[in-house]
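In case you want the letters, here they are:
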Amino acid sequence: MGSFELKVDLDKFRQEEQERKYSYSAFFEIKPGENPLRLLPRSMKIFTEGDYLFAHRYFVHYNMFDVQGYRMIVCPTTYKDTCPICEYVSQEVDKEKVGRIRRQERFLYNVFDLVDETLKVMETGPQIYDGFTRYWLDSEWGPPKMVGIDTGCMFKIVLVPAEKSSTGWNHYDVVATPKVVDLTSKLPENWVEIVDSLESKISLVRSKEELSKLVEYYVKGISPVIEETKKREEVFEERARELEELAKQQVKGNQQLVLPKTVQVKQEAPVQQQSKVPDCFGLNFAPRDQRCKVCVYWTKCRDAFISAE
Ligand SMILES: [Zn+2]
């Protein structure tokens with residue numbers, strides 16, 4: 001039965017598996033307790049042109065929108081460019097209000113996970129970066145013992161989770177160990193490419209126009225996703241119509257205030273009878289604010305606010 005001989009090219013399979021494995025970046029997950037790893041250079045330039053850093057530093061803005069794709073926005077100051085969000089933060093008088101959207105430092109590293117023995121990307125905040133920096137500048141440690149391919153030592157990131165830490169926040173320690181881990185035979189064939197692709201893991205910076213638009217949406221409390229904004233506007237419109245209808249009926253029959261069903265469900269506070277346009281009309285529209293939620297001028301105020309420059 002020679003014609004049924006299996007001709008399977010396992011070498012090709014292995015090669016494709018490796019490509020598949022590294023076509024997306026596996027991220028190093030820091031779990032409570034000890035996380036052993038080997039640091040690698042942030043790029044191959046360290047062997048050719050020289051380099052003095054071990055991680056890519058960048059800036060992000062969190063907490064502007066709780067919408068997928070907008071939870072973390074890369075700040076253009078990463079590339080020494082101006083940033084509409086940072087400008088807004090610096091101009092806002094209410095510092096407490098903008099504190100949570102202020103730019104934050106993030107760092108990307110190439111690491112070799114010593115638990116599953118694979119090359120990964122690690123992303124951290126400044127606490128872990130500072131931990132590595134101490135060793136980078138320590139004459140007993142320094143670059144060869146940290147990122148040298150055959151001379152580097154095992155490091156451990158020790159995480160004490162918030163519920164067990166004395167501060168109530170996650171606490172990270174970076175601990176160097178004297179154990180040398182020679183990576184020469186452990187790295188995948190295409191490790192050079194992987195190491196060099198680290199910087200590309202930083203999400204692309206959005207255009208200035210888009211970032212300015214996002215600031216505007218943030219200030220006005222509008223979702224950056226058109227579909228969501230539309231859905232929300234429909235709800236606004238529906239509410240406005242119901243309230244207008246209600247106002248008409250009241251004028252006609254001088255009836256007691258009875259809210260339509262949908263309004264009753266959504267209502268958290270009773271609708272105030274407003275005969276007069278409020279002083280804040282068109283100036284201070286805030287859909288998250290209870291003051292606006294119960295205001296009959298809600299929709300018109302929003303339109304005035306949005307169209308105002
Ligand atoms: Zn910024």
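Residues numbered from 1 in each chain as written. Predicted model: local features only at pLDDT ≥ 70, side-chain atom pairs only at ≥ 80, totals over all residues.

Peer 1: With reference to specific residues and values, describe helix 5 (residues 126-136).
Peer 2: For helix 5, the full list of buried residues reads Ile-128, Phe-132 and Tyr-135. The arc that holds the buried residues of helix 5, viewed along the axis, is 50 degrees, so those residues lie on one side. Against strand 5 (118-124), helix 6 (142-147), strand 6 (153-160) and strand 7 (171-180) lie the buried residues of helix 5. (Buried ≥ 20, exposed ≤ 12 C-beta atoms within 10 Å, placed from the backbone. Helix = DSSP H or I, 4+ residues; strand = E, 2+ residues; numbered from the N terminus. Arc of directions from axis to C-beta. Contact = placed C-beta atoms within 7 Å.)

Peer 1: Help me get a handle on helix 8 (residues 208-220), residues and values and all.
Peer 2: Taking 1.5 Å as the rise per residue, helix 8 with 13 residues should run 18 Å; its terminal C-alpha atoms sit 18 Å apart, in good agreement. Taken as a whole, helix 8 has its buried residues at Leu-211, Leu-214 and Val-215. Down the axis of helix 8, the buried side of the element spans an arc of 100 degrees, and every buried residue falls inside it. Positioned one or two residues after helix 8, Gly-221 has a phi angle of 70 degrees, which is positive. (Expected span 1.5 Å × (residues − 1).)

Peer 1: Kindly report on the packing of helix 3 (residues 84-91) against helix 8, identifying the contributing residues and their values.
Peer 2: It is the contact of helix 3 with helix 8, at a shortest axis distance of 8 Å, that shows an interaxial angle of 40 degrees. The orientation of helix 3 with respect to helix 8, classified from their angle, is oblique. Between helix 3 and helix 8, the residues in contact are Pro-84, Ile-85 and Tyr-88 and Lys-208, Leu-211, Ser-212 and Val-215, respectively. The residue makeup of the contact of helix 3 with helix 8, split by class, is 5 nonpolar, 1 polar and 1 charged. (Axes fitted to C-alpha atoms, helices over the stretch in contact; angles between N-to-C directions. Parallel < 35°, antiparallel > 145°, perpendicular 65-115°, else oblique. Nonpolar A, V, L, I, M, F, W, Y, C, P; charged D, E, K, R; others polar.)

Peer 1: Please set out the nonpolar core residue by residue, giving values where relevant.
Peer 2: Across soluble globular proteins, nonpolar side chains have a tendency to be buried as a group. Residues Leu-37, Leu-39, Leu-40, Phe-54, Tyr-109 and Val-111 are the most contacted members of the largest nonpolar core, which totals 22 residues. Only strand 1 (33-40), strand 4 (104-113), strand 5, helix 5, helix 6 and strand 6 provide two or more residues apiece to this core. Per element, the largest residue contribution to this core is 5 residues, and it comes from strand 4. For Val-111, the residues in contact, after removing those within four places along its chain, are Phe-28, Leu-37, Arg-38, Leu-39, Leu-40, Lys-120 and Met-122. (Core = buried A, V, L, I, M, F, W, Y, C linked by C-beta atoms within 7 Å.)

Peer 1: Just give me the short version of the pairing of strand 4, but keep the residues and values in it.
Peer 2: Taking burial as the measure, the 10 residues of strand 4 include 7 buried ones, the bulk of the element. With 5 bridges joining them, strand 2 (residues 56-62) and strand 4 adopt antiparallel strand pairing. Across the sheet, the residue bridging to His-56 is Leu-108, located in strand 4. In the sheet, strand 4 pairs with strand 5 via 7 bridges, with the strands oriented antiparallel. (Pairing = 2+ DSSP bridges.)

Peer 1: Explain the confidence of the model for the protein chain to me, and be specific about the residues and the numbers.
Peer 2: Atomic detail in the predicted coordinates should be set aside for any region of low pLDDT. On average, residues of the protein chain score 84 in pLDDT, and 83% of them are at 70 or above. Strand 1 holds the highest mean pLDDT among the elements of the protein chain, 98, whereas helix 10 (residues 261-266) holds the lowest, 45. Contacts from residues 260-273, a stretch scored under 50 in pLDDT, to residues over four places away or in other chains number 17 contacts. (pLDDT = per-residue confidence, 0-100.)

Peer 1: Explain the environment of Met-72 residue by residue, including any values.
Peer 2: The residue Met-72 is located in strand 3 (residues 72-74) in this model. Residues within four places of Met-72 in sequence aside, it is in contact with Val-60 and Tyr-62.

Peer 1: Quick rundown of unusual backbone geometry? Include the residues and the values.
Peer 2: Positioned with a positive phi, Asn-63 is a non-glycine residue whose angle comes to about 70 degrees. Following the sequence through the fold, Asn-63 ends up in the loop between strand 2 and strand 3. For Asn-63, a count of 15 C-beta atoms within 10 Å translates into the label partly exposed. Despite not being glycine, Glu-117 shows a phi value in the positive range, around 55 degrees. Judged by local crowding, Glu-117 falls into the exposed class, with 12 C-beta atoms found within 10 Å.

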